[in-house]
Amino acid sequence: MTSLAKPQLPGQVKHYLQFSDLTRHEYDYLLKRSAWLKAKFKSYETWHPLHDRTLAMIFEKHSTRTRLSFEAGIHQLGGHAVYLNTRDTQLGRGEPVEDAAQVISRMTDIIMIRTFGQDIIERFAANSRVPVVNGLTNEFHPCQVLADIFTYVEARGPIQGKTVAWVGDANNMAYTWIQAAECLDFQIRFSAPQGYQLEGARLSPMAKNYLTVCNSPEDACRGADLVTTDVWTSMGYEDENTSRMNAFKNWMVDQDLMSLAKPDALFMHCLPAHRGEEVSAEVIDGPQSIVWEEAENRLHVQKALMEFLLCGRLD
């Protein structure tokens with residue numbers, strides 16, 4: 001079998017480092033392609049467009065869903081995955097990111113990185129000969145939000161014109177949701193306690209057209225089509241855990257908050273979740289929760305993404 005991947009030409013390599021890297025037209029394609037690939041997966045139909053292609057997975061942060069979905073995904077597309085932890089590689093001993101990118105991208109076909117600062121992945125991509133995908137940074141988590149949007153579309157139809165309530169920290173997920181709203185034309189209502197607000201300098205000039213900052217989680221959730229949250233203390237901020245628990249204690253998504261959203265509103269969480277902190281058990285385990293479908297869909301959207309970055313459009 002021959003791979004459908006196209007040669008990566010210098011200067012034309014397409015990376016996926018934040019949600020704004022792709023256009024609405026490209027996302028329309030990826031959402032349809034994700035559904036097509038998911039249907040083949042559920043029907044046990046073999047599809048190997050990336051036969052004999054290799055994905056390098058570089059981890060500097062812990063992972064469950066990211067590693068499993070990328071590793072299983074490349075195998076299901078006919079390729080192979082190589083797991084690299086920075087503790088076990090020369091990156092962990094001070095090798096420059098630029099040098100590592102030159103070497104790893106000469107031996108593999110696509111690279112996924114899960115790391116801390118966005119600057120690390122940007123430097124890596126600038127020196128890579130193959131596509132680089134953001135598996136998570138402190139600033140953005142585009143693959144997760146792509147999966148979330150696909151999950152919403154799968155359950156409720158187009159997200160254009162809908163309202164998404166973000167209840168919680170101004171973290172990588174929140175900023176990625178704002179980029180997604182700008183790209184796909186829906187509204188974001190953001191609510192966080194004082195001291196944990198969005199940084200205006202990180203928002204585009206267009207963000208004000210899609211973003212409403214709310215004083216309370218109740219204002220954010222009222223009439224929303226989707227309510228979503230994340231842990232209050234993300235990786236790298238463990239030293240702030242006690243102060244964050246106190247600051248966010250009134251920001252738990254419970255049934256009272258969900259009752260303010262539309263009757264058919266969905267609840268999402270990128271996981272892992274802490275029941276009794278950012279979300280109550282009755283919500284995450286309740287009928288409006290779609291978190292398990294959301295988690296599974298990481299697999300399908302990332303398969304579509306890897307296929308697209310290496311093969312282009314195949315419809």
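Residues numbered from 1 in each chain as written. Predicted model: local features only at pLDDT ≥ 70, side-chain atom pairs only at ≥ 80, totals over all residues. Heavy atoms only, no water.

## As for the sheet that holds strand β7 (residues 211-214)
Then step 1. Spatially, the five strands line up as an open sheet ordered β7-β6-β5-β8-β9, and their pairing is parallel. Only two strands of the sheet have a single neighbouring strand rather than two, namely β7 and β9 (266-269). Strand-to-strand twist of the sheet, defined as the mean angle between neighbouring strand axes without regard to direction, takes the value 20°.
Then step 2. By the bridge criterion, three bridges tie strand β5 (residues 163-167) to strand β8 (residues 226-229) in an arrangement that is parallel. Bridged to Ala-165 within β8 is Val-227.
Then step 3. With respect to the sheet, helix α5 (residues 142-156) is in contact with β8 and β9, its orientation differing from that of β9 by roughly 160°. (Pairing = 2+ DSSP bridges. Helix = DSSP H or I, 4+ residues; strand = E, 2+ residues; numbered from the N terminus. Axes fitted to C-alpha atoms, helices over the stretch in contact; angles between N-to-C directions. Contact = heavy atoms within 4.5 Å.)

## A short note on the pattern of salt bridges
Then step 1. Following the criterion strictly, the structure yields 14 salt bridges and no others.
Then step 2. Note that Asp-109 is salt-bridged to Arg-53, the shortest N-O span being 3.2 Å. Taken as a pair, Asp-109 in the loop between α3 (97-107) and β3 (110-114) and Arg-53 in the loop between α1 (24-42) and β1 (54-59) lie far apart in primary sequence, 56 residues in all.
Then step 3. What makes Arg-53 partly exposed here is its relative accessible area of 25%.
Then step 4. For Arg-244, the salt bridge goes to Asp-169, with nearest N and O atoms at 2.9 Å. Note that Arg-244 is positioned in helix α8 (residues 241-247) and Asp-169 in the loop between β5 and α6 (172-184), a separation of 75 residues in sequence. Each member of the pair, Arg-244 together with Asp-169, is buried. (Salt bridge = Lys/Arg side-chain N within 4 Å of Asp/Glu carboxyl O. Buried < 20%, exposed > 50% of the residue type's maximum accessible area, 1.4 Å probe, protein only.)

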